[in-house]
Amino acid sequence: MIQLLLFNVTNGLIIGAFYVLMALGLSLILNLSGVINFAHGGFLVLGGYLAYTLTPFLGYWGALIVAPLLTAVLGVVIEQVLIRRLYGRDPLYSLLMTFGLAFIFEDATRYVWGAQGLPVTIPAFLGRPVSPSLFFITYYRLFMVVVAAVAVTLLFLLLRYSRVGVRIRAGTLDLETVSTLGVNVGGLRALNFALGIFLAGLSGVLAGGQLGLDPTMGSGLLMPSFIAIIVGGVGSLPGTLVGGLLIGIASGVTAVFFPSASEAVMYVLMALVLLARPRGLMGEEGLMT
Amino acid sequence: MEVPRIGAVIGRRAVIRTVATAGLAQLAAPFILRGARGDTPLRIGMIDPLTGAYAAPARNEVMGAELAVSRLNAAGGMLGRPVELLVEDSANDVGTGVQKARKLVERDHVDFLIGDVNSAVAQAIAQVAMENKILHIVSGGHTDTITGKDCKWNVYRVCNTTRMESNAVSDILFKKYGKKWHFITPDYTFGHTLQAALEANLKRLGGIETGAELTPLGTTDFSAYLIKARAANPDVIILLVQGQDMVNCLKQIVQFGIDKEVPIAGTQQELESLEGLPSEARIGSWMFEWYWNQPNVPHLAEFIADIRKVNKGRVPTARHWFGFASVMTMALVAAQEKTTDAVKLAHALSDFELPPEVKLQPNKVYYRAGDHQLMLSAFIGEARAHGKDDPDDLFAVQQVVAGDAVAPPVADTGCVLHWPA
Amino acid sequence: MKESGRTHPAVLVAIWVLLLLAPYWLGLVGGYTALGARVLVLGLAAMSLNFLLGFTGVLSFGHAAWFGLGAYGTGLALKWVAASTPLALLLGTLLGGALGAVLGAMLVRRRGIYFAMVTIAYGQVFYYIAYRWNALTGGDDGLRGFSRQPLEIGPWHIDIAANGVAFYYFVLACFAAAVALMALLLRSPFGHSLLAIRENERRARFLGIPVEFHIWIAFALSCVFISFAGGLYALLNNFADPNNLHYSLSGDLVIMAVLGGMRRFWGPLLGAAVFVVLQDYVSSLTTNWMSFIGLLFVAVVLFFPRGLLGIARRRSLA
């Protein structure tokens, strides 16, 4: 029992790392642009499918990098053509816009790649367990954690030390001042959007290797990242990180005792956090509330 | 007066499957109805979840039904009238399914209804069909109650019940693998009834159940359940999960190397699922409800060739056959009775046997009078990583069992038919 | 016409005549009675949501949860409590309304996008309960085994169970009652306070309006109305399923309100009519109907943010 529990905590962390990757992308866009990107799941699926198509040409490792980049490029196009017009308007409109885009993404994915689920081939050595006694930890799971950790570290380094990163963080707190200081806010938002979508695409490639690809998989993966953001506190990227890991562990542990509540527990956790701390674990008071 | 025109009659909504056609062009498409003799067409309404999680099997069912309709029309239609197939998307949602059923009945005045892959939607449509006295064939929903305690005089079903599936495999699995079974069961009615049926058989055979893992529908990570299953040290792990859950579970079993220690088996497997798996995860003993690669079955080659033409060269799956058999059943029984009256046709379908050009399988295949369930053969065998003669030949059939040998007696199904006065 | 949406009497008469005669003209224009009932039910749901969205200015994106709770409540009551349609509707409405009131109390301090996120997330809690609690709700298979019962009002026996047209008029009567109540509430001093909060929350606060309390009451009332609509939906299908609570339905309801015009009392009904008919029509023509619905969302946001009635109004002023 103890072993099972320990395993599930580990496993929860692995799942949590994946949620973090996805939620951070969502969170970046929400913080700087005030847009809840409902189409994030659509971008994720697209990333996975692009990797599927690119793998025969670029190999797995090439696809792992190029597919998210292409997704990000498409993201910027959509941001420039559609979403940009909604900045500063009632958040209702960006919600509806991305909601509609999510429909289009699902339909387009099915149109291009078919309704039939597709298998994703991962390098053979990743598909093996780490050791006979730890058979449930495969190299692929570790690989997901490593990729997530590297991506998150790079993101935080970028935000902390690069000029763009500093501006993104400053813009999250006070966009008006940043703008008066002569920063091109439009460009900053586009870049930030691209960054968020890149993370979605990357999550998609990773999810494809673990789950296979299916046009409808996006919406199921979207909700946990929502909760990660709410639990961690809107406006705080470290909060999102903590939130994602927390709900991962919570659902992992619950799966041992009460499998049918393994999703509900995320929501219970969210309700508890909101009751105790309405702005989320690390959220700033007054921001977006 | 209508000018007689020559050409295949394709209902305006038969175009629905033609995904390759741009959507806008379809919107602009006018009401095309070229009756060979200017007759009012006979309408078959088909409701299936063309979008959502079951889109792949649903679209295959529609493809099979369309093939049947085009064959019928090429041979002069049904009762001398052209046949029109009106396809509606239930979007995997009961409210939408009911809505579409009413639309087909009230507005389009369909003579027959077919559908749905989703059992819940199928049962809701059956209700609408009964209220309106329309013959309804359930093409792809497996829940026992459809031909069990919720059976209806106007409702027939071509696909299996869960009881039939478990009876088909129990003895064979017991002989092949041994008496200690461990279940991985989806936690909803379908899984529960399937597991209960297998447990009853296991008890009768004198076996032991080492445990059962109830997994929530839509589980993506099966590791917690697989650890428990392996620790119980069974002779065989029985997977009852379906669709995407099946795909995820099998992949993880192979990644963890569990299949090297414990054999994997289950009841129903579908070609759609096997095709969604990486080759190394195509393992285990299963049953198919229909399989395309059978030796010496008359008319089969023709069916496969016809489906390949419309399916990007791929072979038919059981779902194609379900759609095909549903439409053909209606055509055959209507031709025999020379009427579209639902009550007469429903009576005539009792113990109605499918001819070789429709059944496309060995054994006697007929609709049982007591519960309106089609007695179709069960194809038992093993999955394989790569097709032998064809990339889609992913299943090695070892045994074909007649449907009435595995179906529980009518008295056990709970079905009591109430015919209209 | 005023912004608060007092509708011209002639328009009002036209609306009711159209609704009353729907079973007779729907067939002539390629519709069917059940489609009319669906428009009414979803229209009522969108109007209930708009009570909050358009008239209080609070962005709830999880209202399908209360709609679905009403549906399950009604279904469970018919199945287990008594074979009475009115009683079942009442119990369903109470279930959704009561849970809405409780949850609403926890939400009233949130605003804008944060409110939207939290309502989506709370809505999904109920979705997962319906989806997972097999023993009570039937899980993924949905709740079956109940059907609407004929009405027994004094000496009259009205068969709404088998007769689709009779059921349409039953839905219309329920719709009329709910809408009348909603209109009365909006014209009351309470309704005016809601508008004041929508226009300028800070000023409303200075005027001494207890903002949180008002929003809470508005939220609870909106939940009561939409649960009632959900109950009617369960009766329409003789079925309740988890999709009734899913956030994608919430999104559909919001787009109906915005499409019709969320500042106008009748806007959401118009939006529901357009949305339901369009979806019904396009999904029969092409399997790619989801793209059309998606494009509709995009088009509404870009070109008709004030909704169809908003355009009509601007035209008439010009």
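No experiment lies behind these values; they were computed from the predicted model shown. (Residues numbered from 1 in each chain as written. Chains lettered and ligands numbered in written order. Predicted model: local features only at pLDDT ≥ 70, side-chain atom pairs only at ≥ 80, totals over all residues.)

A. How the structure looks around the overall build of chain A. Tallying secondary structure elements over chain A gives ten helices and zero strands in all. Helices and strands appear in chain A in the N-to-C order α-α-α-α-α-α-α-α-α-α. Taking 19 Å as the expected radius of gyration for a compact globule of 289 residues, we find that chain A reaches 19 Å, a close match to that expectation. With respect to the three principal axes, the spread of C-alpha positions in chain A is 60 × 50 × 35 Å. (Helix = DSSP H or I, 4+ residues; strand = E, 2+ residues; numbered from the N terminus. Rg over C-alpha atoms; globule rule 2.2 N^0.38 Å.)

B. Structural view of the interface of chain C and chain A. Counting residues at the interface gives 36 residues for chain C and 35 residues for chain A. Mapped by element, the contributors of at least two residues to the side of chain C that touches chain A are helix 6 (112–132), helix 12 (247–260) and helix 14 (289–303) of chain C. Looking at which element gives the most residues to the side of chain C that touches chain A, the answer is helix 6 of chain C, with 13 residues. Across the side of chain C that touches chain A, the residue classes break down as 26 nonpolar, six polar and four charged. (Contact = placed C-beta atoms within 7 Å. Nonpolar A, V, L, I, M, F, W, Y, C, P; charged D, E, K, R; others polar.)

C. Inspection of the interface of chain A and chain B at higher detail. At the interface, 28 residues of chain A touch 27 residues of chain B. For the side of chain A that touches chain B, the elements supplying multiple residues, two or more each, are helix 1 (2–33), helix 3 (91–113) and helix 9 (237–257) of chain A. At five residues, helix 1 of chain A tops the list of elements feeding residues into the side of chain A that touches chain B. Here the residues of the side of chain A that touches chain B sort into 14 nonpolar, twelve polar and two charged.

D. Layout of the sheet that holds strand 5 (residues 155–157) of chain B. Residues and elements named next belong to chain B. Taken in spatial order, the five strands make up an open sheet running 2-1-3-4-5, and their pairing is parallel. Only two strands of the sheet have a single partner each, and these edge strands are strand 2 (83–89) and strand 5. Pairs of neighbouring strands in the sheet enclose a mean axial angle of 20°, with direction left out of account. Two elements, strand 1 (residues 42–48) and strand 2, share seven bridges in a ladder whose sense is parallel. Bridge pairing in strand 2 links I44 to L85. (Pairing = 2+ DSSP bridges. Axes fitted to C-alpha atoms, helices over the stretch in contact; angles between N-to-C directions.)

E. Fine view of helix 9 (residues 189–199) of chain C. All names here are of chain C. Among all positions of helix 9, only S193, L194 and I197 are buried. Buried residues of helix 9, viewed axially, fall in a sector of 105°; they line one side. Set apart from the buried face of helix 9 by more than 90 degrees, the exposed residues are P189 and E199. Against the buried residues of helix 9 lie helix 10 (201–206) and helix 11 (211–237). (Buried ≥ 20, exposed ≤ 12 C-beta atoms within 10 Å, placed from the backbone. Arc of directions from axis to C-beta.)

F. Looking closely at the domain arrangement of chain B. Residues and elements named next belong to chain B. By domain assignment, chain B separates into domain 1 (12–160 + 297–376) and domain 2 (163–288 + 378–406). Measuring from the centre of the C-alpha atoms in domain 1 to the corresponding centre in domain 2 gives 29 Å. Taken residue by residue, the interface counts 17 residues in domain 1 and 18 residues in domain 2. Here the residues of the side of domain 1 that touches domain 2 sort into nine nonpolar, five polar and three charged. (Domains from an automatic or database assignment.)

G. Looking closely at the nonpolar core. Membership of the largest hydrophobic core comes to 345 residues, with the highest contact counts inside it found for L96 and I227 of chain A, I125 of chain B together with V41 of chain C. Both domains that meet at this core, namely domain 1 (12–160 + 297–376) and domain 2 (163–288 + 378–406) of chain B, each give it at least three residues. Ignoring any residue separated from it by four or fewer positions in sequence, one finds I227 of chain A in contact with I247, M266, Y267 and M270 of chain A together with A121 of chain C. (Core = buried A, V, L, I, M, F, W, Y, C linked by C-beta atoms within 7 Å.)

H. Layout of the packing of helix 4 (residues 139–161) of chain A against helix 7 (residues 185–211) of chain A. Residue and element names in this part refer to chain A. Running from amino to carboxyl end, helix 4 crosses helix 7 at an angle of 175°, the nearest separation of the two axes being 10 Å. The angle between helix 4 and helix 7 places the two elements in the roughly antiparallel class. The segment helix 4 lies against helix 7, with Y140, M144, V147 and A151 engaging L199, L202, L206, G209 and Q210. Grouping the amino acids of the contact of helix 4 with helix 7 by side-chain chemistry returns seven nonpolar, two polar and no charged. (Parallel < 35°, antiparallel > 145°, perpendicular 65-115°, else oblique.)

I. Seen up close, the sheet that holds strand 11 (residues 378–383) of chain B. All names here are of chain B. Ordered in space as 7-6-8-9-10-11-12, the seven strands form an open sheet in which the pairing is mixed. Single-partner strands in this sheet number two, and they are strand 7 (208–215) and strand 12 (395–401). Put simply, the sheet's adjacent strands are angled 25° from each other on average, direction ignored. Pairing of strand 11 with strand 12 involves six bridges; the strand directions are antiparallel. Note on strand 12: the bridge partner recorded for I380 is Q399.

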